[in-house]
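This is what each chain is made of:
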Amino acid sequence: MKLQIRLLGSVELCVDGQSVTPGAAKRRAVLAGLALEANRPVSLSRLAAMVWPDVPPASAAANLRSHAAALRRVLADRLVARPNAYELRLSPDELDVTEFHRLAGEGRALLATANPASAVGTLTAALAQWRGVSGDGLPRGTALDNRWASLDEQRLQVFEELAEARLAAGEHGHLLPELRGHLAAHPLRERAWTQLMLALYRCGDVPAALTVYRDARTTLDEQLGIEPGEELAALHRAMLDRAPELAYTPPTAPVTTTTAPVASLPDAAGVAPPPSRFVGGAGWVVPRELPAGVATFVGRGRQTDEITTALRAPTPATVVVTGGFGSGKTALAVRAAHAVAADFPDGQVYVDLNTRTPAAPGEVLARVLRAIGVHPAEVPVSTDERAGWYRSLVAGRRLLLVVDGVTRAAQVRPLLPAGPGPGLVVVAQRRLGSLDGVRRVTLRPLAAADARELLGTLAGPERLRVDPAATGELVRLCAGSVLALRVAGTRLAARPGMSVGALVGQLADGRERLDLLDYEDLSVRGSLTTAVAAVRTDDEMAGRILALLGAAPDALRQPERVARQLGISAARLDRALDDLADAHLLQPHSNEPGRHRLPALVREYAAELAAEPRSAAGASTGRRVGPLVA
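None of these values were measured; they are calculated from a predicted model.

Brief notes about the packing of aromatic side chains
All chains considered together, the criterion is met by one aromatic pair. Relative to tryptophan 130, the ring of phenylalanine 100 lies with its centre 5.6 Å away and its plane at 85°, an arrangement referred to as edge-to-face. Pair noted here: phenylalanine 100 is in helix α4 (residues 96–111) and tryptophan 130 is in the loop between α5 (120–127) and α6 (145–168), with a separation of 30 residues, a long-range link. What makes phenylalanine 100 buried here is its relative accessible area of 0%.

Some points on the packing of helix α22 (residues 540–551) against helix α25 (residues 602–611)
Two elements in contact, α22 and α25, have axes separated by 7 Å at closest approach and are oriented at 100°. Here α22 is positioned roughly perpendicular relative to α25, judged by the angle of their axes. In contact with Leu546, Ala547, Gly550 and Ala551 of α22, α25 contributes Val602, Ala606, Ala607, Leu609 and Ala610. Partitioned by chemical class, the residues of the contact of α22 with α25 number eight nonpolar, one polar and no charged.

Quick notes on the sheet that holds strand β7 (residues 317–323)
The five strands are arranged β8-β9-β10-β7-β11 in an open sheet whose pairing can be described as parallel. Each of the sheet's edge strands pairs with one partner strand only, and the pair in question is β8 (348–352) and β11 (439–443). Here the average twist between neighbouring strands, direction ignored, is 15°. The strands touched by helix α13 (residues 361–371) are β8 and β9 (400–406); relative to β8, the strand with the most contacts, the crossing angle is about 145°.

Description of a nonpolar patch on the surface
Taken together, the side chains of Leu188, Leu224 and Ile226 present a nonpolar region at the surface, about 230 Å² in accessible area. By the element assignment, isoleucine 226 lies in the loop between α9 (206–224) and α10 (230–240).

Some details on helix α12 (residues 329–340)
Across its twelve residues, α12 extends 17 Å between first and last C-alpha, which sits within 8% of the 16 Å expected from 1.5 Å per residue. Where α12 is concerned, the buried positions are Lys329, Ala331, Leu332, Ala333, Val334, Ala336, Ala337 and Val340. Contacts made by the buried residues of α12 are with α11 (301–312), β7, β8, β9, β10 (423–428) and β11.

Some points on the sheet that holds strand β5 (residues 79–82)
An order of β4-β6-β5 is seen for the three strands of this open sheet, with the pairing classed as antiparallel. Each having just a single partner strand, β4 (42–43) and β5 make up the two edges of the open sheet. As paired strands, β5 and strand β6 (residues 85–88) are joined by four bridges and run antiparallel to one another. Bridged to arginine 82 within β6 is alanine 85. On top of the sheet, helix α1 (residues 25–36) reaches β4, β5 and β6; it is set at about 70° to β6, its chief contact.

A word on the side chain of glutamate 160
Structurally, the position occupied by glutamate 160 is in helix α6. Here glutamate 160 is in contact with His182, Arg189, Arg191, Ala192 and Gln195, once residues within four sequence places are set aside.

Let's talk about unusual backbone geometry
The bulk of non-glycine residues show a negative phi, and the bulk of peptide bonds are trans. One non-glycine residue, asparagine 39, adopts positive backbone phi at about 70°. Along the chain, asparagine 39 falls in the loop between α1 and β4. At alanine 76, a position not held by glycine, the phi torsion is positive, near 55°. Tracing the chain through its elements places alanine 76 in the loop between α3 (60–75) and β5.

What to know about the pattern of salt bridges
If the charged atoms of two oppositely charged side chains come close together, the side chains can form a pair. Across all of its chains, the model carries 29 salt bridges by this definition. Glutamate 289 is the salt-bridge partner of arginine 367, the closest N and O atoms lying 2.8 Å from each other. Within this pair, whereas arginine 367 is found in helix α13, its partner glutamate 289 is found in the loop between α10 and α11, the two being separated by 78 residues in sequence. With relative accessibility at 26%, the residue arginine 367 sits in the partly exposed group. A salt bridge links aspartate 515 to arginine 525; the nearest nitrogen and oxygen atoms lie 2.9 Å apart. Of this pair, aspartate 515 sits in helix α20 (residues 510–516) while arginine 525 sits in helix α21 (residues 524–538), and the two are ten residues apart along the sequence. Accessibility assignment for this pair places aspartate 515 and arginine 525 in one class, buried. Shared partners join several salt bridges into a network, and the residues in it are Glu37, Arg40, Arg46, Arg147 and Asp518.

Remarks on the nonpolar core
Ile5 and Leu7 are the most contacted members of the largest nonpolar core, which totals 79 residues. If sequence neighbours within four positions are ignored, isoleucine 5 has contacts with Glu12, Leu13, Leu31, Ala35, Leu88, Leu90, Glu94, Leu95 and Asp96. Within the second largest apolar cluster, 60 residues are counted, among which are Val298, Val475, Leu556 and Tyr605.

What to know about the confidence of the model for the protein chain
When pLDDT is averaged across the protein chain, the result is 84; 90% of the residues are at 70 or more. Between residues 253–283, whose pLDDT stays under 50, and residues either more than four places distant or in other chains, the model counts 57 contacts. Taken together, the stretch residues 614–630 has pLDDT below 50 and engages in 38 contacts with residues farther than four places along the chain or on a different chain.

A word on helix α7 (residues 172–185)
Under the 1.5 Å per step criterion, the end-to-end length of α7 is 20 Å for 14 residues, consistent within 8% with the ideal 20 Å. Glutamate 178 marks where α7 bends most, by close to 25°. Restricting attention to buried positions, one finds in α7 the residues His172, Leu175, Leu176, Leu179, His182 and Leu183.

Some details on the packing of α7 against helix α8 (residues 190–202)
At their nearest, the axes of α7 and α8 sit 9 Å apart, and the two run at 150° to each other. In terms of their interaxial angle, α7 and α8 are classed as roughly antiparallel. Crossing angle aside, the handedness with which α7 passes α8 is left-handed. Within the contact between the two elements, α7 uses His172, Leu176, Leu179, Arg180, His182 and Leu183 and α8 uses Ala192, Trp193, Gln195, Leu196, Ala199, Leu200 and Arg202. When the residues that make up the contact of α7 with α8 are grouped by side-chain class, the tally is eight nonpolar, three polar and two charged.

Rules and cut-offs
Going along each chain's sequence as written, the residues are numbered from 1 onward. Selection of residues for local features in this predicted model requires a pLDDT of at least 70, selection of side-chain atom pairs for listing and counting requires 80 or more, and totals for whole chains, interfaces and linings are taken over all residues. Working from all heavy atoms in the structure, the side-chain values ignore hydrogens and water. Only rings of Phe, Tyr and Trp enter the pairing, Trp through its six-membered ring, and a pair is recorded when the two centres are within 6.5 Å. The plane angle decides the type: under 30 degrees is stacked, over 60 is edge-to-face, the rest tilted. Counting from the N terminus, the helices are DSSP H or I runs at least four residues long and the strands are E runs at least two residues long. Relative accessibility thresholds used throughout: buried, under 20% of the residue-type maximum; exposed, over 50%; partly exposed, between the two (1.4 Å probe, protein chains only). Think of each axis as a best-fit line through the C-alpha atoms, taken over the contacting stretch in the case of a helix, with angles from 0 to 180 degrees between the N-to-C directions. In what follows, roughly perpendicular refers to angles from 65 to 115 degrees, roughly parallel to angles under 35, roughly antiparallel to angles over 145, and oblique to any angle outside these ranges. For this analysis, residues touch if any pair of their heavy atoms sits within 4.5 Å. Residues were grouped as follows: Ala, Val, Leu, Ile, Met, Phe, Trp, Tyr, Cys and Pro as nonpolar; Asp, Glu, Lys and Arg as charged; and all remaining residues, including Gly, as polar. In this description, strands pair whenever DSSP reports at least two bridges between them. Without a salt bridge and with relative accessible area above 30%, a residue can belong to a patch; like charges are then joined within 9 Å and nonpolar side chains (Val, Leu, Ile, Met, Phe, Trp, Tyr) within 5 Å. Only the protein chains shown count as cover for residues, and all accessible areas are computed by the Shrake-Rupley method using a 1.4 Å probe. Within this document, salt bridges are pairs made up of a side-chain nitrogen of Lys or Arg and a carboxyl oxygen of Asp or Glu, the two lying within 4 Å of each other. Residue count minus one, scaled by 1.5 Å, sets the expected span of a helix. Definition of nonpolar core: a set of buried residues of the types Ala, Val, Leu, Ile, Met, Phe, Trp, Tyr and Cys, connected through side-chain atoms within 4.5 Å. The predictor attaches a confidence to each residue, and that confidence, scored 0 to 100, is pLDDT. Bend is computed residue by residue as the angle between axes fitted to the seven residues ending at the residue and the seven residues starting at it. Left-handed describes a crossing whose near helix is turned anticlockwise from the far helix by less than a right angle; the clockwise case is right-handed.

See the structure below:
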């Protein structure tokens, strides 16, 4: 089944190319909320807040289940029932919001290159995803309002980025009516005032450009009581001075990098590609893609030192950061990368592979090649050629790559440094044992003292001092998971009147624990879902075993009976258990050598899998995974 869900305008649903009417406004809101949180469980309470503008009625849960049942008749197994939650499974290209973000990101990257005019086509395609106001026709005053407002703001930003690209392409005359219309609807957009001034100036109408500045100043003063920002004021001064840099300069001819002789190799069809468009005579785009670090980072000092020491070594450095779900792998990798950024003056590239479908090695290579300046149209077709281009381009350069969400070694093997210069940090839940010559940094559960410090940083240390016993219990319930601690601390911070003991009382019910450890975009269940899905992709049996252990946590005391129930050999069971242990979803039992146990929180998630009428792990085989009978 191929879906297409459109939210950038009125809500539309297409199934296998045929338009389907989703239903009334509240049912469309359910569909929209699930699509915006695609591939993550959405609790009934969060769905209710997305559907009803005020306090949801007493019948909200029943109504939501009715809407979900109606949607499932259309969406089939794409809509998955979870305990007190639903999850809509989508590929990235099946939602216009995701496609808009992808195109906007690619266009923004092109806009930052030496040839910003090359972004025109991509940014135009991004805006083409829009058909009207986002979420048009849905109930307003709900929890989705902020999402719609954010999307509408992003649309304005992309329009202005496209205007910047068109100015670089010399389209100043054609831009005038569009910029005037944009400002008529959004008169407080200073960037657009700047662009209109520059377009008029380049058309030779200097008096009109100066008049626009006065109009902008008047508008900002009347509506906000402020003066124009520095960018707008600086442009006005430059126009008064007739600064030569304001004149339009056509893009220079593309420059072929001297460090990439393979750029002239033919592609798979035997046709030589055009020269690569790199920055200036140096032949290199310097990416600065590292995301912002976590401000409330605590602990992990030894691991941070291990990574930075390995990256600063004169020999090629590859570090694999591994650990259980929610252990803070990404935060650690980003923190260490920022610490050594000055040692990598040729740039830092950040690639996030945290999607339900594992990215192929060729996709990862293409993403990195675009980041370092290869035009998208010039990326070779075959994975081997992409790897060759990459190795030639980065040879001897101090370039740092951080690849997050890796699920298998093949995704990053072509990126391993072949000589001195580049550094590579891989973030993976698995050890990726087949990668040779790498430094592995494994994160264990956060120590109790560090866990208390993190909670105190988020919720305030005085909240914890009031009830140290409850604080200790909260640390225990979060089981050393940085993600769980962040959610718990954020919940306390959001509710100053809540005591630590009250939150502990809510979390003590294991059936509700994963619902409570979900706050906005922080979700323990979502992280576990991604981790388990990655294991299932390679070993379906591992998912079935996890569901079985959720129903009978002590089942592995009798591995022979487990193997018989699953209809597999003891050796096959051992391989599946090894896969789960490698992904940190099972832990060695401290008191019983050779035995495994489910870590805390994983146990609650496994119990949810076991509670489903048919486990997701066993659905593909048609076999039920029931509990072991003692």
